[in-house]
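# Structural overview
The lines below spell out each chain.
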Amino acid sequence: MPRLYQLIRPALWRLPAETAHALTLRAFEGGAGWFFGGPVSREPDPPILAQCLWGVNFPNPVGLAAGYDKDARVPDAMRRLGFGFVEVGTVTPRPQPGNPKPRLFRLEEDRAVINRMGFNSGGLDAVAERLARRVRSGIVGVNLGKNRDTEDTAADYAEGISRTARLADYLVVNVSSPNTPGLRDLQRSTLLGPLLQRLMDVREATGCRVPLLVKIAPDLTSEECRDIAQVALDTGIDGLIVSNTTVARPPELVSRHAHQAGGLSGPPLAGASTALLADIYRLTQRRLPLIGVGGIANAADAYAKIRAGASLVQLYTALLYAGPDLIGQIKSGLVDLLRRDGFGSIAEAVGSAHDTEPAQRFTLA
Ligand SMILES: Cc1cc2nc3c(=O)[nH]c(=O)nc-3n(C[C@H](O)[C@H](O)[C@H](O)COP(=O)(O)O)c2cc1C
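The shown structure was predicted, so the numbers you read here are calculated from the model rather than taken from an experiment. Residue positions within a chain follow its written sequence, with the count starting from 1. Owing to the predicted nature of the model, reporting of local features is limited to residues with pLDDT of at least 70; listing and counting of side-chain atom pairs is limited to 80 or more, with chain, interface and lining totals taken over all residues. As a convention, hydrogens and water are excluded, and side-chain values are obtained from all of the structure's heavy atoms.

On to the pattern of salt bridges. Any carboxyl oxygen of Asp or Glu within 4 Å of a side-chain nitrogen of Lys or Arg constitutes a salt bridge here. If you walk through the whole model with that rule in mind, you get 17 salt bridges. Here Arg163 and Glu159 are joined by a salt bridge, their closest N and O atoms 3.9 Å apart. Taken together, the residues Arg163 and Glu159, both in helix α6 (residues 153-164) and 4 residues apart, mark about one turn of the helix. Only protein chains enter the accessibility calculation, which uses a 1.4 Å probe; a residue is then buried when its area is under 20% of its type maximum, exposed when over 50%, and partly exposed in between. We classify Arg163 as partly exposed; its relative accessible area is 31%. The salt bridge partner of Arg340 is Asp341, with a shortest N-O separation of 2.9 Å. A residue is classified by how much of its surface remains accessible, and Arg340, at 59% relative accessible area, is exposed. Taken together, the salt bridges that share partners define one network made up of Glu18, Lys101 and Arg103. By definition, any uninterrupted DSSP run of H or I lasting at least four residues is a helix, any uninterrupted run of E lasting at least two residues is a strand, and each is numbered from the N terminus.

This paragraph deals with the state of the cysteines. Disulfides are defined as pairs of cysteine sulfur atoms found within 2.5 Å of each other. Evaluation of the coordinates by the stated rule reveals 0 disulfides. Cysteine Cys208 is unpaired, with the sulfur of Cys52 as its nearest cysteine sulfur at 16 Å.

What follows deals with α6. Over its 12 residues, α6 runs 17 Å from end to end, which matches the ideal 16 Å to within 8%, given 1.5 Å per residue. Among all positions in α6, only Thr153, Ala154, Asp156, Tyr157, Ala158, Gly160, Ile161 and Thr164 are buried. Elements that come into contact with the buried residues of α6 comprise α5 (124-133), β7 (140-144), β8 (170-174), α7 (189-206) and β9 (212-216). One less than the number of residues in a helix, times 1.5 Å, gives the span that helix is expected to have. Residue contacts are defined here by distance: any two heavy atoms, one from each residue, within 4.5 Å place the two residues in contact.

Most of strand β4 (residues 85-91) is tucked away, with 7 of its 7 residues classed as buried. Should DSSP find at least two bridges between two strands, the strands are taken to pair. For strand β3 (residues 62-64) and β4, the ladder comprises 2 bridges, and the chain directions are parallel. Across the sheet, Gly63 pairs through a bridge with Phe85, a residue of β4. Convention used here: a crossover is right-handed provided that the path from the first strand, over the helix, to the second strand proceeds clockwise when the strands point away from the viewer. Note on the crossover from β3 through helix α4 (residues 75-80) to β4: the handedness is right-handed. Strand direction decides the pairing type here: β4 and β7, joined by 5 bridges, are parallel. Along β7, the bridge assignment pairs Val86 with Val140.

This next bit is on the pairing of β8. Most of β8 is tucked away, with 5 of its 5 residues classed as buried. On β8, burial covers both faces: Tyr170, Val172 and Asn174 on one face and Leu171 and Val173 on the other are all buried. Alignment of β7 against β8, held across 4 bridges, turns out to be parallel. In the sheet register, Val142 faces β8, and the bridge partner there is Leu171. Remark: the β7/α6/β8 crossover connection has right-handed handedness.

Okay, the packing of α5 against α6 next. Across the interface, α5 lies against α6 with an axial gap of 10 Å and an inter-helix angle of 20 degrees. Relative to α6, the element α5 lies roughly parallel. Remark: the crossing between α5 and α6 carries right-handed chirality. Mapping the contact onto sequence places Leu124, Asp125 and Ala128 in α5 and Glu159, Gly160, Arg163 and Thr164 in α6. Charged means Asp, Glu, Lys or Arg here, nonpolar means Ala, Val, Leu, Ile, Met, Phe, Trp, Tyr, Cys or Pro, and polar covers whatever is left, Gly included. Residues that form the contact of α5 with α6 fall into these classes: 2 nonpolar, 2 polar and 3 charged. Between N-to-C directions, angles cover 0 to 180 degrees, with each direction set by a line fitted to C-alpha atoms, over the stretch in contact for helices. The labels follow the angle: roughly parallel below 35 degrees, roughly antiparallel above 145, roughly perpendicular from 65 to 115, and oblique for the rest. Note on convention: near helix rotated counterclockwise from far helix by under a right angle means a left-handed crossing. Clockwise means right-handed.

Take the sheet that holds strand β5 (residues 104-107) next. Strand order in the open sheet made by the 3 strands is β5-β6-β11, with antiparallel pairing throughout. Strands at the two margins of the open sheet, each flanked by one partner only, are β5 and β11 (263-265). The sheet shows a mean angle of 20 degrees between the axes of neighbouring strands, direction not considered. When β5 meets strand β6 (residues 112-115), the two strands line up antiparallel, connected through 4 bridges. By the bridge assignment, Leu104 is partnered in β6 with Asn115.

Moving on, we come to the sheet that holds strand β10 (residues 239-242). Pairing in this closed barrel of 8 strands is parallel, and the strands run β3-β4-β7-β8-β9-β10-β12-β13 around the ring. In this sheet, adjacent strand axes meet at a mean angle of 25 degrees when their direction is disregarded. Two strands pair when backbone bridges link them, and strand β12 (residues 290-293) and strand β13 (residues 312-315) are joined in this way by 3 bridges, in the parallel orientation. Bridging from a neighbouring strand, Gly292 pairs with Val313 of β13.

The nearness test applies per residue and asks whether one of its heavy atoms lies within 4 Å of the molecule or strand. Near the ligand you find 24 residues, and of these Ala66, Lys70, Thr90, Gly295 and Thr317 are the closest. Here a polar contact is recorded for every N or O atom pair within 3.5 Å, except that within protein the pair must consist of a potential hydrogen donor and a potential acceptor, and residues adjacent in sequence are included only if both atoms are side-chain atoms. Residue Asn174 places a side-chain N or O atom 3.1 Å away from an oxygen atom belonging to the ligand. A distance of 2.8 Å is found between an oxygen atom of the ligand and a backbone nitrogen or oxygen belonging to Gly295. Reported accessibility uses the Shrake-Rupley method at a 1.4 Å probe radius. Residues are deemed covered only where the shown protein chains occlude them. Protein coverage of the free-state accessible area of the ligand, which is 600 Å², stands at 98%. Secondary structure elements with two or more residues in the shell around the ligand: β4 and β6. Among the residues making up the shell around the ligand, the classes are represented as 8 nonpolar, 14 polar and 2 charged.

Okay, the side chain of Ser121 next. Structurally, Ser121 can be placed in the loop between β6 and α5. Residue Ser121 is classed as buried on the basis of its relative accessible area of 7%. Within the structure, Ser121 has its side chain in polar contact with the backbone nitrogen of Gly123 (distance 3.0 Å). Setting aside residues no more than four positions away along its own chain, Ser121 makes contact with Asp71, Thr90, Val91, Thr92, Pro95 and Gln96.

Set out below in structure tokens:
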């Protein structure tokens, strides 16, 4: 029997992409998420999927990536769909409208999306208030950005950390969205090192050692990749998220929207993003937990990222195409793949591709 989302999707997809997104968000907010998600599974996750990172117990490694719930409206409804953790944001300190519409495009034939949302955000006041109001259960990360017109970039991230450190299970410094001018330049080591040093101090001053992660772009040169790994180790940040959307346009794209400006997500991003993840895993010498994101559409994609070095994975675009049933399918597929390969836990499988594949694209000097 076709699942509910597959029946609804044609109607949803007749709407402009951003309208459809707003509609699903409102449905989840109003408690009608079952309409899109089907019945909520109350089955506990199999213990083989559980993992403890940064002192936080993740029931399963499959998370919702940043960008769906930018203003922290529905983190708990999303978690109830079966995600092991949910990342809200990107949130900017002050509210801002983002780029002019249309700014979100479905590349149907490629099962991909291009977005140039430009950090549309309700701002930190609204997000902090919602997070403070919720009864905490389940793992919620907050992805932090800067306002487009800010004069002091570091101050924006610092404010995000101070305001949310006690409200989140982890924080993300997003320096990799392609739709805010100059943002990705922050990934250059001369800027990234001092920025992260300052943000680690800000985190310290909160008195709350919430894990601080950095989310990077897939479009890095080998030198930038090496520098980021070194900065990550030197500054002592807690992890990296690899990766954000890409500004590249792989030649295999066939959709009429492929030329739209913005960040591409979905399966066409998977190869580059998993290759970068593997490089970062080697360059950080297996010392940092990594979250792998970019193009995951099934259990095999998620498993490839785990074997490349990801302790956790996230997805967004595939959810738009397959609906929430995908989460359960990925989890049960992961259990099968782990057992097939003789692993007793996710942690055992992390980075296992490196034990059999000698290829080494970059090494630290
Ligand atoms: C519509 C849309 C909005 C996004 N907004 C954000 C964002 O605000 N912050 C962020 O760090 N990533 C954002 N992303 C990137 C995703 O978190 C993820 O890194 C990327 O889409 C790759 O994963 P996927 O192929 O599973 O979608 C967005 C992606 C999409 C499709």
